[in-house]
Structures are given as C-alpha cells and as structure tokens.
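# Examination of the molecular architecture
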Amino acid sequence: MSYTVKNADCVKKEGAERAKCMEKLTRGYPEVMQRFHDPRNYDEKKADRERKRVIRQYIKDNKLEVRFYKDSGWDKVEVD
C-alpha cells in the first residue's frame, strides 16, 4: 500500500494563516517549527535532512508504508 500527498494547504496560505497551519501540521514536534522559522538556522542541506527526519518520524508514528515523498516540479526523494 502507498500514499500520495496531493495537496499541502499551508503552502497556499500567507502570514498568520500560514503560521497557524504550520503549527497544526507540526503539532507534537515544536522544535521543528522553531528550527524552520529561525533564519539564523537556515542551511539548505541541514533543512533537507531535518525535513526527511520529520517525515520519517511521521511515517513511523502513523504506521504508514511510505517510501518516497515528492514536491511538485522536483524528483521524488526516498525516505530510507
């Protein structure tokens, strides 16, 4: 069984609406929200690793059989 994310509503929102959506999306992982919003911490490679780690943990927490994730316009990425 596989799952496909067809839509990420947070991306479509701006400002306070986006922040509220991101808080809901990262509920249970407050350090993720803090890390992603502090510009001093931004390092593209580090952000990519952290994103993959969070996705991997979400998959594990929810007992999903997901092997890849993909952003529109980009190649799929194996979760490991």
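Residues numbered from 1 in each chain as written. Predicted model: local features only at pLDDT ≥ 70, side-chain atom pairs only at ≥ 80, totals over all residues. Heavy atoms only, no water.

Take unusual backbone geometry next. Despite not being glycine, K63 shows a phi value in the positive range, around 50 degrees. Along the polypeptide, K63 turns up in the loop between α4 (44–61) and β1 (68–69). Given the relative accessible area of 73%, K63 is considered exposed. Non-glycine residue D80 carries a positive phi angle of around 90 degrees. Note on placement: D80 falls in the segment after β2 (77–78). Given a relative accessible area of 68%, D80 falls into the exposed group. (Helix = DSSP H or I, 4+ residues; strand = E, 2+ residues; numbered from the N terminus. Buried < 20%, exposed > 50% of the residue type's maximum accessible area, 1.4 Å probe, protein only.)

The next point concerns the pattern of salt bridges. What the rule picks out here adds up to 4 salt bridges. Among the ionic pairs, K52 bridges to D80, the shortest N-O distance being 3.6 Å. Of this pair, K52 sits in helix α4 while D80 sits in the segment after β2; the two residues are 28 residues apart in sequence, bridging distant segments of the chain. When the shortest N-O distance is used, the salt bridge between R56 and D80 registers 3.6 Å. Of the two residues, R56 is situated in helix α4 and D80 in the segment after β2; the sequence distance between them amounts to 24 residues. A single salt-bridge network, built from bridges that share partners, covers K52, R56 and D80. (Salt bridge = Lys/Arg side-chain N within 4 Å of Asp/Glu carboxyl O.)

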